[in-house]
Amino acid sequence: YQTVSTLKAGGLRVLLGDATQDTLLEAASISEARLVLLTVTDSKVAARAVSAIRRLNPKVPIIARVEDFEQAHELSKFSGLIMVEPQREAALEMV
């Protein structure tokens, strides 16, 4: 929650909740969003969240955290999605 507090202090609008629910996405004004950061680690929940986001804002860029090949495969069916794998990013920083 420290990250959320820091982002809010910087003037960004940040909501925590279930991104598969239209009510949360509408409260977040998803139809006007310029970027979505999705940090869900469960592949099925992440896919449902991306589907819900795309339904309400088909063109918004989504950056999604992926934990493993299964999650990357599950999300690969969505276009315009940028996937980031934290372990891989950390390994690249070490080199």
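A short tour of the structure in this document, coming up.

Reading guide: rules and limits
Residues numbered from 1 in each chain as written. Predicted model: local features only at pLDDT ≥ 70, side-chain atom pairs only at ≥ 80, totals over all residues. Heavy atoms only, no water. Helix = DSSP H or I, 4+ residues; strand = E, 2+ residues; numbered from the N terminus. Buried < 20%, exposed > 50% of the residue type's maximum accessible area, 1.4 Å probe, protein only. Contact = heavy atoms within 4.5 Å. Lys, Arg positive; Asp, Glu negative; His and termini not counted. Charge placed at Lys NZ, Arg CZ, Asp CG, Glu CD. Polar contact = N/O pair within 3.5 Å; in protein donor to acceptor, adjacent residues only side chain to side chain. 1 Å grid on protein atoms, 1.4 Å probe; cavity = no way out; pocket = protein on both sides within 12 Å on 5 of 7 lines; lining within 4 Å. Points joined across faces, edges and corners; volume = space filled by probe spheres on them. Salt bridge = Lys/Arg side-chain N within 4 Å of Asp/Glu carboxyl O. Core = buried A, V, L, I, M, F, W, Y, C linked by side-chain atoms within 4.5 Å. Pairing = 2+ DSSP bridges. Right-handed = clockwise from strand over helix to strand, strands pointing away.

### Points about the overall build of the chain
Step number 1: Along its length, the chain carries five helices and three strands.
Step number 2: Based on the C-alpha atoms only, the size of the chain along its principal axes is roughly 40 × 35 × 20 Å.
Step number 3: Counting only residues that meet the buried cut, the chain has 26% of its 95 residues in that class.
Step number 4: Relative to all contacts within the chain whose residues are 6 or more apart in sequence, the contacts with residues 24 or more apart total 50%.
Step number 5: Distance between charge centres in the chain, computed from 11 positive and 12 negative side chains, equals 6 Å.

### Section: the side chain of serine 43
Step number 1: You can see serine 43 is positioned in helix α3 (residues 43-56).
Step number 2: A polar contact is formed between the side chain of serine 43 and the side chain of glutamate 70, at a distance of 3.4 Å.
Step number 3: Sequence-distant contacts of serine 43, that is, excluding residues within four places in its chain, are made with Glu70, Gln71 and Glu74.

### Let's talk about the layout of surface pockets
Step number 1: A volume near 1,200 Å³ is recorded for the largest pocket.
Step number 2: If you go around the largest pocket, you meet 28 residues; those closest to its centre are Arg13, Val14, Leu15, Val36 and Leu37.
Step number 3: Elements supplying a minimum of two residues to the lining of the largest pocket: α1 (2-9), α2 (22-27), β1 (36-38) and α3.

### Details of the pattern of salt bridges
Step number 1: Per the counting criterion, the structure on display carries three salt bridges.
Step number 2: Put simply, lysine 77 and glutamate 74 hold a salt bridge, and the shortest N to O gap is 3.5 Å.
Step number 3: Overall, lysine 77 belongs to the exposed group, its relative accessible area being 58%.

### A short note on unusual backbone geometry
Step number 1: Despite not being glycine, serine 29 shows a phi value in the positive range, around 55°.
Step number 2: Position of serine 29 relative to the elements: it lies in the loop between α2 and β1.

### Focus on the nonpolar core
Step number 1: Counting 18 residues, the largest nonpolar core has Leu38, Val50, Ile53, Ile62, Leu75 and Leu81 as the members making the most contacts within it.
Step number 2: Every element with two or more residues in this core is listed here: β1, α3 and β2 (62-65).
Step number 3: Residue contributions to this core peak at six residues, all from α3.

### As for the pairing of strand β3 (residues 81-84)
Side-chain direction in a regular strand flips from residue to residue, so the side chains alternate between the two faces of the sheet.
Step number 1: Bridge count for β2 against β3 is four bridges, and the pairing is parallel. In the strand pairing of β3, arginine 65 is matched with valine 84.
Step number 2: Handedness of the crossover joining β2 and β3 through helix α4 (residues 69-75): right-handed.

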